[in-house]
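# Structure at a glance
Here are the chains, one letter per residue:
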Amino acid sequence: MKLLAISDLHVGSAANRAALEQLDHHLEDWLILGGDLGETLDHVGWVLDLCVPRFARVIWVPGNHELWSTRGSRLHGVAKYDALVTLCRSRGVLTPEDDYAVWPGAGPPTVIAPLFVLYDYSFAPDGIPPERAVQWAMDSGVLCSDEAVLRPDPYPSRIAWCHDRIAITEARLARLPSTVGTVLINHFPLRRELARLPRIPRFAIWCGTRRTEDWHRRFRARVVVSGHLHIRGTTMLDDVTFHEVSLGYPGDWDPARGIDGYLRTIL
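Keep in mind that this is a model prediction, so the values were computed, not measured.

## Remarks on unusual backbone geometry
Across the junction of D153 and P154, the peptide omega takes the value 5 degrees, indicating a cis bond. Relative to the helices and strands, P154 is located in the loop between α5 (146-149) and α6 (158-174). A positive phi angle is found at D8, which is not glycine, with a value near 55 degrees. Its place among the elements puts D8 in the loop between β1 (3-6) and α1 (14-20). The residue H228 is not glycine, and still its phi comes out positive at about 80 degrees. Relative to the elements of secondary structure, H228 occurs in the loop between β7 (221-226) and β8 (233-237).

Encoded structure:
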């Protein structure tokens, strides 16, 4: 029995959809879907309908793309997120709003904790306050599409939504028994030094919040799973394994490897 993970499937791309259709059956294993499956409810539903019959259990966290208000969409911000949660629950998929599951596989007692924590621009360098961070990024020619299409309604800003999600999530994690470890799953990396983007370094401001940087220690993480960067890799920090598990857009992955080659074993 394995806990597997992949993120950033971006099935709005025909090449990514075709690759996912070749996914093998892993009927004894659990699958983490780490966000950015697509931009619409139909995209997410299509992925879930393909993956749920192939795995013993599926776990989902939202990425920024799922939260986009695409052209003609009547769902924005929290309403879009709530609709995604409802969609997942209708397929039996675990979300950040559900009770955390206990991993039934080998190893010490471990809780699987899907999280929904946004970003607050605090991954900018010291001395760049949040209100200046977007302009600082734009000065290098970088602007995330979220600024136009990720609406935070009814919150006044994405920062406010992020900070509320931090408070909600932190309280839930703090209630876990001190005798259990965790697998922490969030679309965005939990630590600033993990948001390394050599080609577009200032994009890091849309990649997380400094307020989560000690969560792997505070909440006894065995493993931390994230996506978003489209730069797959594994990093050890404080004896905790951090996995970035994204597939990405065509060009970010090799079709010859097959989609199963991009499933990362977490436990």
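## Here we look at the pairing of β8
Pairing analysis gives five bridges linking β8 to strand β9 (residues 240-244), with the strands arranged antiparallel. Bridge assignment links L237 to a residue of β9, and that residue is V240. If you look at the hairpin formed by β8 and β9, you'll find two residues sitting between the two strands, and D238 has a positive phi there, around 55 degrees.

## Considering the packing of aromatic side chains
On inspection of all chains with the given rule, the structure shows ten aromatic pairs. When the ring of Y81 is compared with that of F116, the centres are 4.5 Å apart and the planes differ by 40 degrees; the resulting orientation is tilted. One end of the pair, Y81, is in helix α3 (residues 77-90); the other, F116, is in the loop between β5 (110-114) and α4 (130-138), and 35 residues separate them in sequence. Take Y81 and F116: they sit in the same class, and that class is buried. Judged by centre distance (5.5 Å) and plane angle (45 degrees), the rings of F203 and W206 are tilted. By relative accessible area, W206 is classed as buried at 0%.

## Comments concerning the sheet that holds β9
Taking strand neighbours across the sheet as the criterion, the six strands line up as β4-β5-β6-β7-β9-β8 in an open arrangement whose pairing is mixed. With one partner strand each, in any of the chains shown, β4 (101-102) and β8 form the two edges of the open sheet. As paired strands, β5 and strand β6 (residues 181-185) are joined by five bridges and run parallel to one another. Directly across from I112, in β6, lies its bridge partner V183.

## Quick notes on the pairing of β1
Of the two faces of β1, both are covered, the one formed by L3 and A5 as well as the one formed by L4 and I6. As paired strands, β1 and strand β2 (residues 26-33) are joined by four bridges and run parallel to one another. Of the residues in β2, the one forming a bridge with I6 is L33. Each parallel crossover has a hand, and for β1 linked through α1 to β2 it is right-handed. Relative to strand β10 (residues 264-265), β1 runs antiparallel, the two being bridged by two bridges.

## Points about the sheet that holds β1
Spatial ordering of the open sheet is given by β3-β2-β1-β10, a layout of four strands whose pairing is mixed. Whereas interior strands pair on both sides, the edge strands pair on one side only; in this sheet they are β3 (55-60) and β10. Here helix α2 (residues 41-51) sits on the sheet in contact with β2 and β3, set at roughly 155 degrees to β2.

## What about the pattern of salt bridges?
Across all of its chains, the model carries eleven salt bridges by this definition. Between R210 and D126 there is a salt bridge; the shortest N-O distance is 2.8 Å. Of the two residues, R210 sits in the loop between β6 and α7 (215-218) while D126 sits in the loop between β5 and α4, which places them 84 residues apart along the sequence. Several salt bridges share partner residues, and in doing so they unite D126, R192 and R210 into one network.

Parameters and conventions
Residues numbered from 1 in each chain as written. Predicted model: local features only at pLDDT ≥ 70, side-chain atom pairs only at ≥ 80, totals over all residues. Heavy atoms only, no water. Helix = DSSP H or I, 4+ residues; strand = E, 2+ residues; numbered from the N terminus. Pairing = 2+ DSSP bridges. Phe/Tyr/Trp six-rings, centres within 6.5 Å; stacked < 30°, edge-to-face > 60°. Buried < 20%, exposed > 50% of the residue type's maximum accessible area, 1.4 Å probe, protein only. Right-handed = clockwise from strand over helix to strand, strands pointing away. Contact = heavy atoms within 4.5 Å. Axes fitted to C-alpha atoms, helices over the stretch in contact; angles between N-to-C directions. Salt bridge = Lys/Arg side-chain N within 4 Å of Asp/Glu carboxyl O.

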